[in-house]
Amino acid sequence: SQKIEQNSEALNIQEGKTATLTCNYTNYSPAYLQWYRQDPGRGPVFLLLIRENEKEKRKERLKVTFDTTLKQSLFHITASQPADSATYLCALPLRGGSYIPTFGRGTSLIVHP
Amino acid sequence: SAVISQKPSRDICQRGTSLTIQCQVDSQVTMMFWYRQQPGQSLTLIATANQGSEATYESGFVIDKFPISRPNLTFSTLTVSNMSPEDSSIYLCSVERTGGDEQYFGPGTRLTVT
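Given the structure is predicted, the values throughout are model-derived calculations rather than measurements.

(A) Summary view of the overall build of chain B. Regarding its fold elements, chain B presents zero helices and eleven strands. Put simply, chain B runs from its N terminus to its C terminus through helices and strands in the order β-β-β-β-β-β-β-β-β-β-β. Computed over the C-alpha atoms, the radius of gyration of chain B is 13 Å, within 12% of the 13 Å expected from 2.2 N^0.38 for a compact globule of 114 residues. Taken along the three principal axes of its C-alpha coordinates, chain B extends 40 × 25 × 25 Å. Across the 114 residues of chain B, 51% fall into the buried class. Carbon together with sulfur atoms contributes 48% to the accessible area of chain B, which is approximately 5400 Å² in total. Here chain B contributes 8 positive and 10 negative side-chain charges, whose respective centroids are spaced 8 Å apart.

Right, here's the structure in full:
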């Protein structure tokens, strides 16, 4: 199964700056990688999916990159806002050929006004 | 998208008792999933529940401890049996969008075992 590594330390940034979160994985190369947002007391909410043949994906202020050589994904939030403060989870297929995700521990992002 | 509700939202239970968590989806889905999120940990898949068949459990989880029912395409229950303090966790129900490229999650049930 996959091992997913996300920085356990919270990321503190100033409003308006770009936040960059990292997700590293081991073992097999996944067919896709997902990012979710989780607020306290709530279930995760899907944000973006990037497939193995895609280098970059954008959605509004969000950008995800996927480097299968480095086995790494970067998640960027540009022009960050205090409302972006949350925990961001990286997810990969639980098993090769599976659509069921397994999740990293997540990185907490705190955007200061 | 799918709207998922869970009951109860939270509970405090005594050691040795059992709690049944309900998950209701606003549309028919083939597979429903149950995850556990222990404090400071990632979400861990407990089992996959298909309507009309036995649930499929992940390594480390057994039916006697976490019996699951799936009576129809919009509803499932997870029971946490013979609870111990180690079962204190958030339990989340999820479904996948048709095509499988994203999951929708319920709000979770926060369980505390004393």
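Here the narrative resumes.
(B) The arrangement of the sheet that holds strand β7 (residues 62–67) of chain A in detail. Residues and elements named next belong to chain A. As summarised here, the arrangement of the five strands in space is β1-β3-β8-β7-β6, forming an open sheet in which the pairing is antiparallel. Both edges of this open sheet fall to β1 (4–6) and β6 (56–59), since each of them pairs with a single strand only. Between one strand and the next, the sheet's axes are offset by a mean angle of 15 degrees, whatever the strand orientation. With six bridges connecting them, β7 and strand β8 (residues 72–77) associate as antiparallel partners.

(C) Region of interest: the interface of chain A and chain B. The interface of chain A with chain B comprises 20 residues on the first partner and 20 residues on the second. The largest per-residue losses of area from chain A upon contact with chain B belong to Ile100, Phe103 and Arg105 of chain A, which jointly make up 31% of the total buried on that side. Between chain A and chain B we count one salt bridge in total. Our count for the contact surface shared by chain A and chain B stands at six residue pairs in polar contact (both at pLDDT 80 or more). Secondary structure elements with two or more residues in the side of chain A that touches chain B: β4 (32–38), β5 (45–51) and β10 (101–103) of chain A. A total of four residues in the side of chain A that touches chain B trace back to one element, the largest contributor, which is β4 of chain A.

(D) Broad picture of the pairing of strand β11 (residues 109–113) of chain B. All names here are of chain B. Judged by which residues are buried, β11 turns out to be one-sided: Thr109, Leu111 and Val113 face inward and are buried, whereas Arg110 and Thr112, on the alternate face, are not. Relative to β11, strand β9 (residues 89–96) runs antiparallel, the two being bridged by three bridges. Note on β11: the bridge partner recorded for Ile90 is Arg110.

(E) Seen up close, the side chain of Asp84 of chain A. Topologically, Asp84 of chain A is positioned in the loop between β8 and β9 (86–93). On the basis of relative accessible area, Asp84 of chain A is assigned to the buried category, the value being 7%.

Each value, and the rule that gives it
Residues numbered from 1 in each chain as written. Chains lettered and ligands numbered in written order. Predicted model: local features only at pLDDT ≥ 70, side-chain atom pairs only at ≥ 80, totals over all residues. Heavy atoms only, no water. Helix = DSSP H or I, 4+ residues; strand = E, 2+ residues; numbered from the N terminus. Rg over C-alpha atoms; globule rule 2.2 N^0.38 Å. Buried < 20%, exposed > 50% of the residue type's maximum accessible area, 1.4 Å probe, protein only. Areas by Shrake-Rupley, 256 points an atom, 1.4 Å probe, with all protein chains shown as cover. Lys, Arg positive; Asp, Glu negative; His and termini not counted. Charge placed at Lys NZ, Arg CZ, Asp CG, Glu CD. Pairing = 2+ DSSP bridges. Axes fitted to C-alpha atoms, helices over the stretch in contact; angles between N-to-C directions. Contact = heavy atoms within 4.5 Å. Buried area = accessible area lost by both parts, 1.4 Å probe. Salt bridge = Lys/Arg side-chain N within 4 Å of Asp/Glu carboxyl O. Polar contact = N/O pair within 3.5 Å; in protein donor to acceptor, adjacent residues only side chain to side chain.

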